[in-house]
Amino acid sequence: MTESPRRTPPASAFAALHHAEEPLLLPNAWDYASARALAGQGFRAVATTSLGVAAVAGLPDAAAATREETLRLAFVLGSAPLLLSVDAEAGFGDDPDEVAEFARELYAVGVAGINLEDGLGPAGRLAAKISAVKRAVPGLFVNARTDTHWLGDGDTADTLARLDAYQRAGADGVFVPGLIDPRRIAALVRHLDVPLNVLYSPAGPSVRELADAGARRISLGSLLYRRALGAALQAATDIRAGRSPEGVTPSYGDVAGLLPPPG
């Protein structure tokens, strides 16, 4: 009897995408249907967006308010045919052990990666959370985000010091949203031992230019959610003005087909 080939663990498969020939273009979903639809377009990995999850739930973003909503979404997506990374803000708490327990819950339902941010707080605080998560679930891909370019002035020395601390703590990748200058990206990559994640901006360099600079993961963040909201508003105002809405409109059956069966 021939044995079935062993399935690569989700976290290992997700980590491998950061070291492939082409960088990982990672779209961010805000609910079950958006994640399944993106996977249906051939994206092997999908992340969540904290802004989108918070907006759907009617809760503030970046305020540790969406722990349960994030976990619930991870639970329903964990068994879906996609590799899932979860935006967990700052871990929904300051206690490293509580953050590690949350990461353990994510991993248990099939999540491959977690994104943790420093919010420009003390680097040691996020480093302690990273260490706790890696002790609890060594296989989970931890992407450590610093907000030096997102909330701060982009100081190079501060950015390097923070990323170095996160690497030493065990981060598998680092994320610097707001950094879009290809020359600065290339300079930063030369100082790193782990893959660099950047955030795509429609007003910034192309995906190809970011890849050529050395970025190994390119996230879309809340862009898709904001575009979807903008398209809905545009359609509503077009209809009110007597115009037919433009753009792609999935059918009722298309969307219903993305959802899990009843029962």
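Look up: the structure comes first, before these words.
Residues numbered from 1 in each chain as written. Predicted model: local features only at pLDDT ≥ 70, side-chain atom pairs only at ≥ 80, totals over all residues. Heavy atoms only, no water.

A.B. asks: Mind showing me how you'd approach a nonpolar patch on the surface here?
C.D. replies: On the surface, L120, W150 and L151 cluster together into a nonpolar patch covering about 300 Å² of accessible area. By secondary structure assignment, the location of W150 is in the loop between β6 (141-145) and α7 (156-169). For W150, a relative accessible area of 47% corresponds to the partly exposed category. (Patch = residues over 30% accessible without salt bridge, like charges linked within 9 Å, V, L, I, M, F, W, Y side chains within 5 Å. Areas by Shrake-Rupley, 256 points an atom, 1.4 Å probe, with all protein chains shown as cover. Salt bridge = Lys/Arg side-chain N within 4 Å of Asp/Glu carboxyl O. Helix = DSSP H or I, 4+ residues; strand = E, 2+ residues; numbered from the N terminus. Buried < 20%, exposed > 50% of the residue type's maximum accessible area, 1.4 Å probe, protein only.)

A.B. asks: Would you mind showing me how to read the packing of helix α6 (residues 123-136) against α7 here?
C.D. replies: Relative to each other, α6 and α7 sit at 20°, their axes nearing to 8 Å. The orientation of α6 relative to α7 falls into the category roughly parallel. Handedness of the crossing formed by α6 with α7: right-handed. Taken together, the residues of α7 that come into contact with α6 (itself represented by A123, L126, A127, I130, S131 and K134) are R162, A165, Y166 and A169. In terms of residue class, the contact of α6 with α7 is made up of 7 nonpolar, 1 polar and 2 charged. (Axes fitted to C-alpha atoms, helices over the stretch in contact; angles between N-to-C directions. Parallel < 35°, antiparallel > 145°, perpendicular 65-115°, else oblique. Left-handed = near helix turned anticlockwise from the far one by under 90°. Contact = heavy atoms within 4.5 Å. Nonpolar A, V, L, I, M, F, W, Y, C, P; charged D, E, K, R; others polar.)

A.B. asks: Can you help me understand the packing of helix α4 (residues 67-77) against helix α5 (residues 96-108) in this one?
C.D. replies: In a packed pair of helices, the relevant descriptors are the angle between the two axes and the axis-to-axis distance. The interhelical angle for the contact between α4 and α5, taken along N-to-C directions, is 20°, at an axis separation of 9 Å. Our classification of the angle between α4 and α5 gives roughly parallel. Crossing angle aside, the handedness with which α4 passes α5 is right-handed. For the pair α4 and α5, the contacting residues are R67, T70, L71 and A74 in the first and F102, E105 and L106 in the second. Of the residues that constitute the contact of α4 with α5, the class distribution is 4 nonpolar, 1 polar and 2 charged.

A.B. asks: I keep staring at the pairing of strand β8 (residues 196-199) and nothing clicks. Help me out?
C.D. replies: Looking along a regular strand, one sees side chains alternate from face to face of the sheet. Neither face of β8 is left uncovered, since the one carrying L196 and V198 and the one carrying N197 and L199 both have all their residues buried. Relative to β8, strand β7 (residues 173-175) runs parallel, the two sharing 2 bridges. Its bridge partner being in β8, F175 is matched across the sheet by N197. Traced from β7 through helix α8 (residues 182-189) to β8, the parallel crossover comes out right-handed. (Pairing = 2+ DSSP bridges. Right-handed = clockwise from strand over helix to strand, strands pointing away.)

A.B. asks: Would you take a moment to explain the environment of V174 for this structure?
C.D. replies: Tracing the sequence through the fold places V174 in strand β7. Residue classification places V174 among the buried positions, given a relative accessible area of 0%. C-alpha separation for the pair V174 and G152, spaced 22 residues apart in sequence, amounts to 17 Å. In contact with V174, not counting residues within four places along its chain, are N143, A144, L163, Q167, L192, V194, P195, L196 and N197.

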